[in-house]
Amino acid sequence: MGPQRRGRIRASPDHRSPSAPSKQPAGKYVELHAHSAYSFLDGASLPAEIATTAAELGYEAFALTDHDNVCGAMEFAQACEGIGIRPISGAELTVTCDAPAALPFHLTLLVEDATGWHNLCRLLTEAHAGTRPRVDSDPLPPSVPLDSLLECNQGLICFSGCARDGAVAGNWERGEARRGESIARSLRASFGRERFRIELQRPLWRRDRARNRRLAELAERLGVATVATGNVHAHDRRRAELLDAFVAVRTHTTLEESEPERRGNSSSVLAPPEEMAARFADHPEAVAETVHMAERLRFDLRRDLGYRYPGSEDPEADGSLAEICRGRLELRYAGTRERPEAERRLQEELRVIRGLGLSGFFLLHFDLLELAREVAAEIRGPDSARRLLPPGRGRGSSVSSVVCYLTGLSHVDPVRAGLFLGRFLNDEIAEMPDIDLDFPRDIREKLIPRVHERYGRERAALVSAFACYRSRGAVRDLGKALGLPPGEIERVAGIVDMHSRGDEVERDIAEAIGAGRAASARWRCAARLAREAWGLPRHASQHPGGMVLSTRPLIDLCPVQPAAMEGRQIVQWDKDSCADAGFLKIDLLGLGMLSAVERCVESIADARGERIDLSRIPLDDPQTFEAIRAAETTGVFQIESRAQMQMLPRSRPETIDDVIVQVALVRPGPIQGGAVHPYLERRRRLREDPDYEVPYEHPSLEPILSDTLGAIVFQDQVIQVAMALAGFSAGEAEGLRRAMSRKRSEAALNAYGERFVAGAVDRGVDRTLAERVFDQVRGFSGFGFPKSHAAAFGLLAYQSTWLRVHYGPELLCALFNEQPMGFYPPDSLAHEAQRRGIEVRGVDANQSAVECTIESRPGEPAVRLGLGYVKGIAEEEARALVAERERGGGYRDLADLASRSGMGRDGLERLAWAGACRSLGVRGGKSARRDELWRLGIARGGRGTNGRDQAQLALPLGLPAPPDLRPLDSWERIVADYASTGITLGEHPIEVMRPDLEPDLAQSDELAVLPDRAEVRMAGLVVARQRPATAKGVVFMLLEDELGVANVIVPPPVYERCRLAVRTASFALVGGRLERHQEVINVVADSVERLAVPDHTAAAIRHIEPPAERETGRDGAVAERELAAVAPAAHSFGRRG
Amino acid sequence: MYRPRPAEVAAGEDGVPRAVGGAAVEAVREDWLVEDRWWTPKPLQRRYFELALADGRNLVVFREPDDGGRWYEQRA
């Protein structure tokens, strides 16, 4: 509806005789056909929105029947908890029959009992089985043959389908009345008259009454009952427009063009039961039937799923697990002082595990890890330096378990590290413990399909993750649906913050295209639609590594469908739904830094012949800790972020334990829980006065919080606090942790708050104090690391810093090869490394490998960029070039390269433009790249008329010398570097701009000597910008100039004023005030401007230019725009999820 | 010739026509709702009724709430 329309036309009741309207008693209608947004672009509300609204409208039971999936079924069932609605599960299934030219049709299936659920899951699995014949294209629409459904009908109730596409009504619509009736007869025969119904709908279309009369007549002939359904697609009127727009998105058309596919009105918005009953006044028996049906549909996903984790049926499991653990305990703890404690903990853990029947679960993990070991050995090879490394590392709470340590699931000794077991395992856990395993990316890639193989494709699958609309995607999709000009859409999409909330879109639009355009009817619609779409799932994809394993075929429990990546399959539930189902989930996570440290260790061995065993490096290396305290941590794990670097000089870590706290401290939980400042302050007091006594809120908290100086930093401390202060049992405390960590549990958290305070008061704790502690707990709200997780991460942070300190070039090289990862773009990593004296060499056709490499001669080890960094060059081309060089020797000159490398003209030009042909040119110096491009034009012949390369190879003749071409100036070189490799290694762009900038700008190295509160103006390349959700609208920017980086804090009023520059400028000019706090220096901005770039070079660049620009054609843009277009995008962070 | 003409419709409280041009409504054969073009400056919203009148005529009437609730008729 347009905004100018306020009134709502309610669907009026049916009237055969207007003088005698029939009425149904209120509450006598149950909705048995409804779609959520999990019908992907054919539903516009979240399951929870539907459940809540249905409860408000007075529904007592409600069925969710998404298209060909049950992705939202568990979420819906959980959302119904405690609001008086009984959830019913089902799906609208797309079915095909083998009659010639027959189109697929829809049937509504509802689950009566557990057998029905299994059958539904099997049918949905079958529907998706063939949807990914090609890995690189969109999936085909799912469907099952009618025969499968007829066979698999036990426990299911079948309705004849919707008004438009239903088996009967849809076939009538298409003029296939006989086919519709014959399908109905088949369904009647298979399901029987008890479980087959003719479905009546009132979409408020012109032929509704006639169609329903005809359907009712058919029902009578078949001897089955009719049932009324609403075919709900949205919970609220506001979403009706979005439904229309989604039709256009789905059909890749505009709203105008999608008219035939659209519904034509808003009748699919959820209406009160009385209104629904009134719509079917002609068919009161169909309305009554909804209630009868609902009475029979008693299957409840929260209760009746019947999942058992693998191994739970093995009677030998307890003994086997104990045996493995005892054997390994002998090895690991022989002769140590931890041995008695380790034995005690092992006994205790084995007892708990036995009690919970989880021995099989641990054996399975053990087995899985052995599998990982095999895969790792295959990938690394017998001689690799990496063979010393474990195949993966545990993270998360499992690290606290001695059983996990002994079975190899974790590499952290929990006894030595003093880790608390409670969260992972206790006598009353309601949810399977999670086991998270981090693997280097290459091992993980191979391991996942291997797990599918080992446990069978029916028993192992990845967890789903649903891609949800954020503002940028919504503007793109919905703008297109509205037929808005693509140029405008891209301008808006370009400035919409990835993480900005829906309510900010309107302002973004006005900034991008001007207030006038933004006020047009269509752009106003776009803004409104984008706001409504925010957070709705758009399609299913795979979770990064969560796997579900099952003893029973998974496809009896949850449908399984192929993922986009070949050889992988996903269940239709996300991690929360899997957890609600109690599924055993293992996270096999790919961690870029693990891959990077592995590569680093390998290249150290290659370049220096040194074998590093990272598990044996000293954990008290003074140089490493000096670097950490000085925040010299660019590129290392976790403690490289802006926030971490700001804190390190204040927290001054001195031990690995300090690093572990540090890693956990910069998380939303501790930040919102108010842990950061007390921790930093108490550390400072302790440094100044070793006798300083750390204050604790209550004496009972001292043993729990002593490691973190009285602050709640780790997630498990929340559990311990709840147990110590409020007397929670381990299970209750774990329930509290769960309530904090999930998105759908505000009410649960409040309930825990009351119990917490009451429990504490019972134990004689002052009420105000108890409330204050609970506030800290609530502020923590789950987004924190358990200590065990922090221990695993802290160790990796330390190890990577150690590598940075002692093997800088190798770590840098590894980071280049593992991109994208970490906080800084490669260009910044390179500049920072150059500033500390590490040589980074450009791409060179005679020196570079495909990947970046270490060159140990001449001189100190240096990093050589790989051919893979040249944009637009295919990996096979680069490999062929290197292979030919290895076979036939180095390339003598350009002609030799052109004839032997097998590289096309486009690739050769890209190499030349990247400066990779330097060693082949006649002249070096600044005109080299132009010369090479000029000569290549001759070497490879002209371009064909179709713009493609001519197929014939040029003869390897000597090439004439180029004419006297104007050399590239510095700016052109930078543009060429950024356009070709994304990394510029010569003069810094700011250095080049410097002569044209205001003379009294500060440079980054001056900030250290300027007095506190000094006025300062500086210019820089924007390396990162961050708008953390925890920072109340403050934006942080990292500016880089030729001498280093500077932190800029943009307060909200300044952000409001300079939003566009803050969010989009590649180069910025910042004015503000210097702020010095202990060792930390920031510039607090009062102005941020886009830095104007001198355009004196603009015309020249067009003379000879790289292929991409030539093909797209340029319009004489100024140099700034050229550079802005190619400059490495600043990493933007914050407001995730 | 398909252009809608203003019609004199007496409707009940529920919005359903009871009489058109003095002729009583014998039966509502169909009723439907069209909502479209909401993204343009001229959105469309119409409630239609296909009626059988006591005088034997069949016709379609509709109204648009944004149009002051006036009724129009067109051929069935």
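Residues numbered from 1 in each chain as written. Chains lettered and ligands numbered in written order. Predicted model: local features only at pLDDT ≥ 70, side-chain atom pairs only at ≥ 80, totals over all residues. Heavy atoms only, no water.

For the rest of this paragraph, the subject is the overall build of chain B. The helix and strand inventory of chain B stands at 0 helices and 7 strands. Each helix and strand of chain B, placed in order from N terminus to C terminus, yields the pattern β-β-β-β-β-β-β. Principal-axis analysis of the C-alpha atoms places the extent of chain B at approximately 40 × 30 × 20 Å. Counting every position in chain B, which comprises 76 residues, the buried fraction comes to 55%. (Helix = DSSP H or I, 4+ residues; strand = E, 2+ residues; numbered from the N terminus. Buried < 20%, exposed > 50% of the residue type's maximum accessible area, 1.4 Å probe, protein only.)

The number of helices and strands found in chain A is 47 helices and 23 strands. Split into buried and exposed, the 1137 residues of chain A put 61% on the buried side. Relative to all contacts within chain A whose residues are 6 or more apart in sequence, the contacts with residues 24 or more apart total 74%. In the structure as shown, chain A presents an accessible area of about 43700 Å², 50% of it carried by carbon and sulfur atoms. (Contact = heavy atoms within 4.5 Å. Areas by Shrake-Rupley, 256 points an atom, 1.4 Å probe, with all protein chains shown as cover.)

With that settled, consider the pattern of salt bridges. One pass over the full model with this rule turns up 91 salt bridges over all chains. For B:Asp36, the salt bridge goes to A:Arg262, with nearest N and O atoms at 2.7 Å. Linking B:Asp36 in strand 4 (residues 23-36) with A:Arg262 in the loop between helix 8 (238-250) and helix 9 (273-279), this pair reaches from one chain into another. You can call B:Asp36 buried: its relative accessible area is 10%. According to the relative accessible area criterion, A:Arg262 is buried, its value standing at 5%. A salt bridge links A:Glu855 to A:Arg864, with the nearest nitrogen and oxygen atoms 2.7 Å apart. Exposure class is identical for A:Glu855 and A:Arg864. Each is buried. One connected set of salt bridges, linked through shared partners, spans A:Arg202, A:Asp208, A:Arg209, A:Arg211, A:Asp282, B:Asp31 and B:Arg47. (Salt bridge = Lys/Arg side-chain N within 4 Å of Asp/Glu carboxyl O.)

What follows covers the sheet that holds strand 15 (residues 840-841) of chain A. All names here are of chain A. Strand order in the open sheet formed by 3 strands is 15-17-16, with mixed pairing between adjacent strands. Unpaired on one side and paired on the other, strand 15 and strand 16 (853-855) mark the two borders of the sheet. Pairing of strand 16 with strand 17 (residues 862-864), which is carried by 3 bridges, proceeds in the antiparallel orientation. If you follow Ile 854 over to strand 17, its bridge partner there is Val 863. (Pairing = 2+ DSSP bridges.)

Residues and elements named next belong to chain A. Pairing between strand 18 (residues 1015-1026) and strand 21 (residues 1067-1077): 7 bridges, direction antiparallel. Among the inter-strand pairings, Ala 1019 is bridged to a residue of strand 21, identified as Leu 1069. For strand 21 and strand 22 (residues 1080-1090), the ladder comprises 10 bridges, and the chain directions are antiparallel. Across the sheet, the residue bridging to Arg 1073 is Val 1084, located in strand 22. Here strand 21 hands over to strand 22 after 2 residues, with Gln 1078 in that stretch at a positive phi of 50°.

On to helix 41 (residues 970-980) of chain A, then. Residue and element names in this part refer to chain A. Burial within helix 41 is extensive, with 11 of its 11 residues counted as buried. Along helix 41, the residues that are buried comprise Ser 970, Trp 971, Glu 972, Arg 973, Ile 974, Val 975, Ala 976, Asp 977, Tyr 978, Ala 979 and Ser 980. Gly 982 sits one or two residues past helix 41 and shows a positive phi near 80°.

Moving on to unusual backbone geometry. Geometrically, the link from A:Gln819 to A:Pro820 is a cis peptide bond, its omega value of 0° lying close to zero. Relative to the helices and strands, A:Pro820 resides in the loop between helix 35 (808-817) and helix 36 (826-835). We note that A:His252 has phi near 55°; this positive angle belongs to a residue other than glycine. Positive phi is not limited to glycine here, since B:Arg37 has a value of about 55°.

Further remarks concern the side chain of A:Arg444. Residue and element names in this part refer to chain A. Topologically, Arg 444 is positioned in helix 16 (residues 441-455). The exposure class assigned to Arg 444 is buried, which follows from its relative accessible area of 8%. Look past the residues within four positions of Arg 444 in its chain and what remains in contact with it is Phe 439, Pro 544, Gly 545, Arg 568, Leu 588, Leu 589 and Gly 590.

Attention now moves to the packing of helix 30 (residues 715-726) of chain A against helix 33 (residues 767-780) of chain A. Residue and element names in this part refer to chain A. Their axes nearest at 11 Å, the elements helix 30 and helix 33 cross at an angle of 155°. Judged by the angle between their axes, helix 30 and helix 33 are roughly antiparallel. Crossing angle aside, the handedness with which helix 30 passes helix 33 is left-handed. Between helix 30 and helix 33, the residues in contact are Gln 715, Val 718, Val 721 and Leu 725 and Val 773, Val 777 and Phe 780, respectively. Here the contact of helix 30 with helix 33 is built from residues that sort into 6 nonpolar, 1 polar and no charged. (Axes fitted to C-alpha atoms, helices over the stretch in contact; angles between N-to-C directions. Parallel < 35°, antiparallel > 145°, perpendicular 65-115°, else oblique. Left-handed = near helix turned anticlockwise from the far one by under 90°. Nonpolar A, V, L, I, M, F, W, Y, C, P; charged D, E, K, R; others polar.)

Going through the model one piece at a time under the given rule, you end up with 28 aromatic pairs over all chains. Taken together, a centroid distance of 6.4 Å and an interplanar angle of 50° make the contact between A:Trp971 and A:Phe1067 tilted. Here A:Trp971 is found in helix 41, whereas its partner A:Phe1067 is found in strand 21, with 96 residues between them in sequence. Classification of A:Trp971 by relative accessible area gives buried; the value is 4%. Their ring planes at 85° and their centres at 5.1 Å tell us that B:Trp38 and B:Trp39 sit as a pair that is edge-to-face. For the pair shown, B:Trp38 and B:Trp39 are each scored as buried. (Phe/Tyr/Trp six-rings, centres within 6.5 Å; stacked < 30°, edge-to-face > 60°.)

Let us now look at the nonpolar core. Of all hydrophobic cores here, the largest spans 126 residues; its most connected members are A:Trp117, A:Trp573 and A:Phe583. Examining the composition of this core, we find that 10 residues originate from one element, helix 13 (residues 359-380) of chain A, more than from any other. (Core = buried A, V, L, I, M, F, W, Y, C linked by side-chain atoms within 4.5 Å.)

All names here are of chain A. In the predicted model, chain A carries a mean pLDDT of 85, and the fraction of residues at 70 or more is 85%. This stretch, residues 941-956, has a pLDDT under 50; its non-local contacts, to residues over four places away or in other chains, come to 22 contacts. Contacts of residues 1096-1119 to residues separated by more than four positions or lying in other chains number 50 contacts, the stretch itself having pLDDT below 50. (pLDDT = per-residue confidence, 0-100.)

With that settled, the discussion passes to a negative patch on the surface. Negative charge collects at one region of the surface, where A:Asp98, A:Glu126, A:Asp147 and A:Glu151 lie side by side. Position of A:Asp147 relative to the elements: it lies in helix 4 (residues 146-151). (Patch = residues over 30% accessible without salt bridge, like charges linked within 9 Å, V, L, I, M, F, W, Y side chains within 5 Å. Lys, Arg positive; Asp, Glu negative; His and termini not counted. Charge placed at Lys NZ, Arg CZ, Asp CG, Glu CD.)

Let us look at the environment of A:Val402. Mapped onto the secondary structure, A:Val402 falls in helix 14 (residues 402-407). With residues up to four places along the chain from it excluded, the contact list for A:Val402 reads A:Tyr333, A:Arg345, A:Leu346, A:Glu349, A:Pro414 and A:Val415.

Moving on, we get to helix 30 of chain A. All names here are of chain A. Across its 12 residues, helix 30 extends 16 Å between first and last C-alpha, which sits within 8% of the 16 Å expected from 1.5 Å per residue. Most of helix 30 is tucked away, with 10 of its 12 residues classed as buried. Looking only at helix 30, the buried set comprises Gln 715, Asp 716, Gln 717, Val 718, Ile 719, Gln 720, Val 721, Ala 722, Leu 725 and Ala 726. Directly beyond the C-terminal end of helix 30, a positive phi value near 70° is found at Gly 727. (Expected span 1.5 Å × (residues − 1).)

Turning our attention to the environment of A:Leu46. As for its position among the elements, A:Leu46 is in the segment before helix 1 (47-57). The residues contacting A:Leu46, other than those within four sequence positions of it, are A:Gly535, A:Leu536 and A:Pro537.

The subject of this paragraph is the side chain of A:Asp300. Within the secondary structure, A:Asp300 sits in the loop between helix 10 (284-296) and helix 11 (317-333). Of note is the side chain of A:Asp300, whose polar atom sits 2.9 Å from the backbone nitrogen of A:Arg302. (Polar contact = N/O pair within 3.5 Å; in protein donor to acceptor, adjacent residues only side chain to side chain.)

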